[in-house]
Structure formats: C-alpha cells, structure tokens
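Take a look at the letters that make up each chain.
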Amino acid sequence: MAKAKPFDIPKQEIWDAFTKVRANQGAAGIDGQTIEAFEADLASSLYKLWNRMSSGSYHPPPVRRVMIPKSGGGERPLGIPTVADRVAQEVVKRRLERVLEPIFHDDSYGYRPGRSAIDAIRKARQRCWRSDWVLDIDIKSFFDTIDWNLMLKAVRKHTDCTWALLYIERWLKAPVQLEDGSVVAREAGTPQGGVISPLLANLFLHYAFDAWMARNHPGISFERYADDIICHCHSEAEAQALWRELETRFTACGLTLHPQKTKLVYCKDWNRRGDYPTISFDFLGYNFRPRKTIWHGRLFVHSFLPAASPKALKAIGSTIRQWRLHHWTQMSLEDLAGRYNAHIQGWINYFGCFYGSRLSRTLLQIDAFLTQWARRKYRRLRRRPRSARAWLLRVRSAASQLFAHWRFVNIEGRTSGAV
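Because the structure is predicted, anything quoted here is derived from the model rather than measured. Per chain, the residues get numbers from 1 upward, laid out in the order the sequence is written. Only residues with pLDDT of at least 70 are given local features in this predicted model, and only at 80 or more are side-chain atom pairs given and counted; all residues enter the totals for whole chains, interfaces and linings. The side-chain quantities take in all heavy atoms of the structure and omit both hydrogens and water.

K.L.:
Explain the packing of aromatic side chains to me, and be specific about the residues and the numbers.
P.N.:
For any pair of aromatic rings, geometry is given as the distance between the ring centres together with the angle between the planes. Pairing of aromatic side chains requires ring centres within 6.5 Å, counting the rings of Phe and Tyr and the six-membered ring of Trp. Pairs whose planes differ by under 30 degrees are stacked, by over 60 edge-to-face, and all others tilted. Tallied over the full model, the rule gives 25 aromatic pairs. Geometrically, the ring pair formed by Phe281 and Phe288 is stacked, given 4.7 Å between the ring centres and 5° between the ring planes. Here Phe281 and Phe288 have matching classes, each one buried. These aromatic residues form a ring-pair network of at least three members: Tyr286, Tyr350, Phe351 and Phe354. Lysine NZ or arginine CZ positioned within 6 Å of the ring centre and within 35 degrees of the ring normal marks a charge as sitting over the ring. If you follow Arg380 out to its NZ or CZ, it ends over the ring of Tyr378, 5.2 Å from the centre. Exposure categories follow from relative accessible area, calculated using a 1.4 Å probe and restricted to protein chains: below 20% of the type maximum is buried, above 50% is exposed, and the middle band is partly exposed.

Structure representation (structure tokens):
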C-alpha cells in the first residue's frame, strides 16, 4: 500500500492552476522552459509538481529578474518565475484567495475578481467632485521592502493550512537570478511578476493601510489599486494631518512614503476658488485635472476630470511609430487591421472610458501612417498627398468597422463616445 503524502493537495487543483497559467501566458523563467515546452510532456510535468508539493519537497527555483522601463523614467525590476513555479503559486493563491476576498476592503481594486482599474478611476472621479483635496500617496519600492515577518503574521491570521504557509515562506525567501546570471539572496519583499505576489501585497496593505484607515479615519474615502493609493480629504489641513499620520504608520510597517512623489492636490473646478501649486495627479494611467466640459447640455465649464495621461499617450504614440505601418506595403489594408486591431481596441477599452477625445487625437496618428502606406503602395497616389488622404477618407466611410479606432473616432476627428 502506497504511503500517504504529508499534504493532501487534490490533483484537480494542480490542473485548474495550470489552465489559468496557460491562459495568462508569460515568459520563461531561469530554466528557459516556455508554456509550450511544459505542455509537450504535460502529464509528467504536472504529476511531478503535484508529487513534490504533496510531499513537502517542493523548493521554488530562483526568480529570473529583468528590468523594464518605467513610464516616468528609470527601470522597475520584474521577477519571472518558471512555468512550474507559476502553477504552484496559482494553487496556493486559489486556496488563500477564497479566505481573503471576503475580508478585503471595498475600496481595494487591484488584482481582485470582479474589480478593475476602471472601477477605481470611476469612483475616484466621483469623489473628486465631492472632496476638495486629494492626498496622492507613493510608497517607495513597495514590493521590494515588504517585511516578511509581518507578511507571514498576516497570512497565519487567516489560514492554518500547513503547506500553504510553508510554500509562501519559501517563495518570499527565494533568491533572484540577475540579468548577468548571478544569483543573489533577498531579505525582504515579494517579486513583482509572481502569481501570488499581488495577493500577498493586498493582504499586507489591507492591514498596513485599509483596515487602519477604516479604524482611524472612517470619514476619509480612498481608492487603492495594489500600492497606488489616493485619499479624498475635505480640507488642506485634514490632508496634511493624514500625511503626517501615514508617514508614522508606514514607518511602523517597514514602508516609506516617497518624499517627492507623495503630494497634496487641489481638485480645482469652476466653483472652487483659490490658487494652489498642484491641481493635477496621475492615477492608473489617467491624469486628473480641470478640463472643459458641457454642463446641463449648454454651459461650458471646467470640471475636475480624468483623461489618458500624457505619459500614457506618449507611450501609445511611440508604439504606433514602432509599427512602421507605412513600410508594410506587401500587406493589404485588411491584413494590417487584423494585425493591429487587438492593440488598438485594448487602448480604447481602457483609455477611452473617460474624456475620450484625448485618446482620439493620438489614435489619429494611425491614419497618418496609413496615408503614407497608401502613397507607397499605389503609384497613382505617390506624389499626391491630398488624394491619398481623400482615398483614406473614402475607405473609412465605406468600411468604418475595419480599424478599431474608426469606430471610436469619426471622420472629423471627434470622439464617438461620451465624455
């Protein structure tokens, strides 16, 4: 008779975790194994992982670290676990998420089922209309500085599952392989890029911030998406006092408020008086500031509204230029649409939700490249830029569904959606 495993982990949970990892795709870890390679011998790979996790002998390999550019300049470290390790993390994440979801705060939006960044932005827009001040919080190197002892204390508060606790501790302490191939130990933090890292980060900030705010400042609303946080205050004095208290609170939790990036913002609009140095902030790729809008269908006034941030629009424009559409003359217009529509629609789905005219001007760069494409492809248009533009307008009129942004921006360049 086979000896029972120390940990009872159903094989179905391993399979369910793999299907989620496969759907999310992702790059290879330090072993160079892709998801396709892992699938080539799937039954053996999953059985080996189940056997090791059930016996307690699973030790996560080092996480491959790559540096990715930040929108504001500089680089951010991203940790890439192996495919097998992502599956193992997904198993534990699912077990822990069932316990943690019911206790998380309503205004925590990051990496949670049924919640999105757009939900957070929509709520922030409404609250900026009601409260004059925002405290825009930036936690310095949050994912790299999470205190392991406090993290494990929070996990133990919600589960006594021995194998989940064992593997969470091992993931926290797993070393990192740098881009030069060297392996270094870690003393704090949880790598961004890990499957379980967002859930652990949410749990840590639930106690470091969410529950603390609900207990000490129930009258101050906030939105938090992972470590991106904004608080809505009714006065400058209230915001400044909260800032001071949060510095003390975060220090006690092993965290540091970024002294330059944390700031007070006055949500100025048509009926708010006074001049203040900071009247805008960025949150989740959107820039909040006074913008012209139509009130009651007839009056043009300034309201405090979100729109795609200049950083986001610059990144989108850079991507469009990198496509070099005008050089793909061997392809048809339909081929180009099929190749790039998923990217375009993704931008529209996210950045077109609020004040879409800001996005529409950037997306019209695509049409400028398509005009150049037509001039290169068709000899009769080569020396006739006006005719090329007129040709593209006729195509847009006849096939307005071809490119995703043609459904979003009409021919005159106005956004088809509401502000």
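Read on for the rest.
K.L.:
Lay out helix α10 (residues 236-252) with the relevant residues and their values.
P.N.:
For an α-helix, the turn length of 3.6 residues means that residues three or four places apart are oriented alike. Taking 1.5 Å as the rise per residue, α10 with 17 residues should run 24 Å; its terminal C-alpha atoms sit 25 Å apart, in good agreement. The numbering of helices and of strands both runs from the N terminus, where a helix is a DSSP run of H or I of at least 4 residues and a strand a run of E of at least 2. Looking at α10, one finds that the buried residues are Ala239, Leu242, Leu246 and Phe250. Down the axis of α10, the buried set is contained in an arc of 60°. They therefore lie on one face. Within α10, the exposed residues directed more than 90 degrees away from the buried face are Ala237, Arg244, Thr248, Thr251 and Ala252. On its buried face, α10 sits against β3 (133-138), α9 (197-216), β7 (228-233) and β8 (263-266). Within two residues after α10, Gly254 carries a phi angle of roughly 80°, on the positive side. Multiply 1.5 Å by the residue count of a helix minus one, and that product is the helix's expected span. Comment: arc refers to directions from the helix axis out to C-beta atoms. Residue contacts follow a heavy-atom distance rule, with two residues in contact if any of their heavy atoms lie within 4.5 Å.

K.L.:
An account of the nonpolar core is requested, with residue identities and associated values reported.
P.N.:
Buried residues of nine kinds, namely Ala, Val, Leu, Ile, Met, Phe, Trp, Tyr and Cys, make up a nonpolar core once their side-chain atoms join them within 4.5 Å. Within the largest apolar cluster, 67 residues are counted, with the highest numbers of intra-cluster contacts made by Met53, Ile137, Ile168, Phe209 and Cys231. Among residues more than four places away in sequence, those in contact with Phe209 are Ile137, Phe222, Arg224, Ile229, Cys231, Leu246 and Phe250. Within the second largest apolar cluster, 54 residues are counted, among which are Ala120, Cys128, Met331 and Trp347.

K.L.:
Mind laying out the sheet that holds β3, listing which residues take part and the relevant values?
P.N.:
Spatial strand order, β6-β7-β3-β8: 4 strands in an open sheet with antiparallel pairing. On the outer flanks of this sheet lie β6 (221-225) and β8, each paired with one strand and no other. Taken over all neighbouring pairs, the strand axes of this sheet differ in orientation by 20° on average, direction set aside. When DSSP finds two or more bridges between two strands, those strands count as paired. Two strands pair when backbone bridges link them, and β3 and β7 are joined in this way by 6 bridges, in the antiparallel orientation. Directly across from Asp136, in β7, lies its bridge partner Ile230. Angles shown run from 0 to 180 degrees and are taken between the N-to-C directions of axes, each axis being a line fitted to C-alpha atoms and, for helices, limited to the stretch in contact. Its contacts with the sheet put helix α5 (residues 117-130) on β3, β6 and β7, and the angle it makes with β6 is roughly 160°. Along the sheet, α10 contacts β3, β7 and β8; its crossing angle with β3, the most-contacted strand, is approximately 20°.

K.L.:
Break down the environment of Asn287 for me, with residues and values.
P.N.:
As for its position among the elements, Asn287 is in strand β10 (residues 286-295). Put simply, Asn287 and Lys311 are 24 residues apart on the chain and 9.1 Å apart in space, counted from C-alpha to C-alpha. Excluding its chain neighbours within four sequence positions, the residues that come into contact with Asn287 are Ser280, Phe281, Asp282, Leu305, Pro306, Ala307, Ala308, Ser309 and Pro310.

K.L.:
Give me the confidence of the model for the protein: which residues, what numbers.
P.N.:
Model confidence for the protein is summarised by a mean pLDDT of 93, while 94% of its residues fall at 70 or above. Scored below 50 in pLDDT, residues 411-419 shows 19 contacts in the model against residues more than four places distant or in partner chains. Confidence of the prediction at every residue is given by pLDDT, a number between 0 and 100.

K.L.:
Summarise the pattern of salt bridges; cite the residues concerned and give the values.
P.N.:
Oppositely charged side chains can form a pair if their charged atoms are brought close together. Each salt bridge in this description consists of a side-chain nitrogen of Lys or Arg and a carboxyl oxygen of Asp or Glu lying within 4 Å of one another. Taken as a whole, this structure holds 14 salt bridges when the rule is applied. Arg122 is the partner of Asp119 in a salt bridge, and the nearest nitrogen-oxygen pair spans 3.6 Å. Taken as a pair, Asp119 and Arg122 lie in helix α5 at a separation of 3 residues, close to a single helical turn. Accessibility expressed as a relative area gives 26% for Asp119, which makes it partly exposed. Relative accessible area serves as the criterion here: at 33%, Arg122 is assigned to the partly exposed category. One salt bridge connects Asp210 with Arg224, and the closest N-O pair in it is separated by 2.8 Å. Taken together, the residues span a long stretch of sequence, with Asp210 in helix α9 and Arg224 in strand β6 at a distance of 14 residues. Look at Asp210 and you get buried, because its relative accessible area is 0%. According to the relative accessible area criterion, Arg224 is buried, its value standing at 0%. One network of salt bridges, in which partners are shared, links Asp107, Arg127 and Glu223.

K.L.:
Just give me the short version of the sheet that holds strand β1 (residues 63-69), but keep the residues and values in it.
P.N.:
Across the sheet, which stays open at both edges, the 4 strands sit in the order β2-β1-β4-β5 with mixed pairing between neighbours. Every interior strand has two partners, whereas the edge strands, β2 (75-80) and β5 (183-184), have only one. Here 2 bridges tie strand β4 (residues 176-177) to β5, and the two strands are oriented antiparallel to one another. Directly across from Gln177, in β5, lies its bridge partner Val183.

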